[in-house]
Amino acid sequence: MSDGDRGPIEIERPASGPHRATVIVDGRPVETLRDLPPARGGLLFVGLNPSPISVAAGHYHQGPLGRRFWGRVIRAGVIPADTDIEMADDALVLAGHGITDLLKRPSERDVATDEELTAGVGPLWQKIALWRPAAVVFIYKRAAEIAAGRRLEEPWGVLPSVALAGRPCVLMPGPYATLEQVDEGINLLGNLLTALPPRD
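Remember, it's a predicted structure, so these values are computed and weren't measured experimentally.

Draft legend 1. Examining empty space enclosed by the protein more closely. As enumerated under the stated definition, the model contains two cavities of 30 Å³ or more in all. As a volume, the largest cavity reaches approximately 80 Å³. Partitioning the lining of the largest cavity into residue classes produces seven nonpolar, one polar and two charged. Taken as a whole, the second largest cavity spans an internal volume of roughly 40 Å³. Around the second largest cavity, the lining residues are V137, W156, V170, L171, M172, P173, G185, L188 and L189. Among the elements of the structure, β7 (167-171) and α7 (179-194) are those that each provide at least two residues to the lining of the second largest cavity.

The structure is reproduced here in structure tokens:
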């Protein structure tokens, strides 16, 4: 994407956290977490919606399942092994990657309706088209299925039949996946990382 003759549009890279922000949802102000865009050619991780504990901390995925996600991201080599989980999203940004959600309204559990989540698919497409990540990595299968608009046969892995704004999509193993599936998923994520195009 370019802006006339001025070349590619520059995306402002996020500063370090906390990443709390206030957005309008259904006409009401809601405290949530701001989008953290990737550098062009990085990975974009996509979740469902923030948890209140994460919003209070000002950092993504600070609940028990979220911390499990960060552990897998560390094991895959996406962010350094000595990363502090409390600020793992800052390390993700420094590594050139990004993270967002389908829905910005926080909730304790996965209680958002399909209709609420589906309303976030259009904005997600727009973000991907603007940010141009190398690939979109869904953290949860429900998010991938909502974005795809259908049930997916794959429990995790590359989603060959799904592309958002022309970008390939990958699904991480679920939070309760077997150790074997998690190890294979981490290996896939590591391979995806090494296949990324070089960035300036």
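Draft legend 2. Region of the structure containing the layout of surface pockets. For the largest pocket, the calculated volume is near 620 Å³. Residue lining of the largest pocket: 26 residues in total, with L65, E108, R109, D110 and Y140 positioned closest to the centre. Broken down by secondary-structure element, the contributors of at least two residues to the lining of the largest pocket are α1 (52-57), α2 (64-75) and α6 (141-148). Within the lining of the largest pocket, the residues separate by chemical class into eleven nonpolar, nine polar and six charged. The computed volume of the second largest pocket comes to approximately 240 Å³. Counting residues per element, the ones that place at least two in the lining of the second largest pocket are β1 (20-25) and α5 (121-131). Counted by class, the lining of the second largest pocket contains eight nonpolar, one polar and six charged residues.

Draft legend 3. Just α5, in detail. Those residues of α5 that sit buried are V121, L124, K127, I128 and W131. Mapping the buried residues of α5 onto a view down its axis gives an arc of 115°, with all of them on the same face. Downstream of α5 by one or two residues, R132 has phi in the positive range, about 55°.

Calculation rules
Residues numbered from 1 in each chain as written. Predicted model: local features only at pLDDT ≥ 70, side-chain atom pairs only at ≥ 80, totals over all residues. Heavy atoms only, no water. 1 Å grid on protein atoms, 1.4 Å probe; cavity = no way out; pocket = protein on both sides within 12 Å on 5 of 7 lines; lining within 4 Å. Points joined across faces, edges and corners; volume = space filled by probe spheres on them. Nonpolar A, V, L, I, M, F, W, Y, C, P; charged D, E, K, R; others polar. Helix = DSSP H or I, 4+ residues; strand = E, 2+ residues; numbered from the N terminus. Buried < 20%, exposed > 50% of the residue type's maximum accessible area, 1.4 Å probe, protein only. Arc of directions from axis to C-beta.

This is a description of form; function is not addressed.
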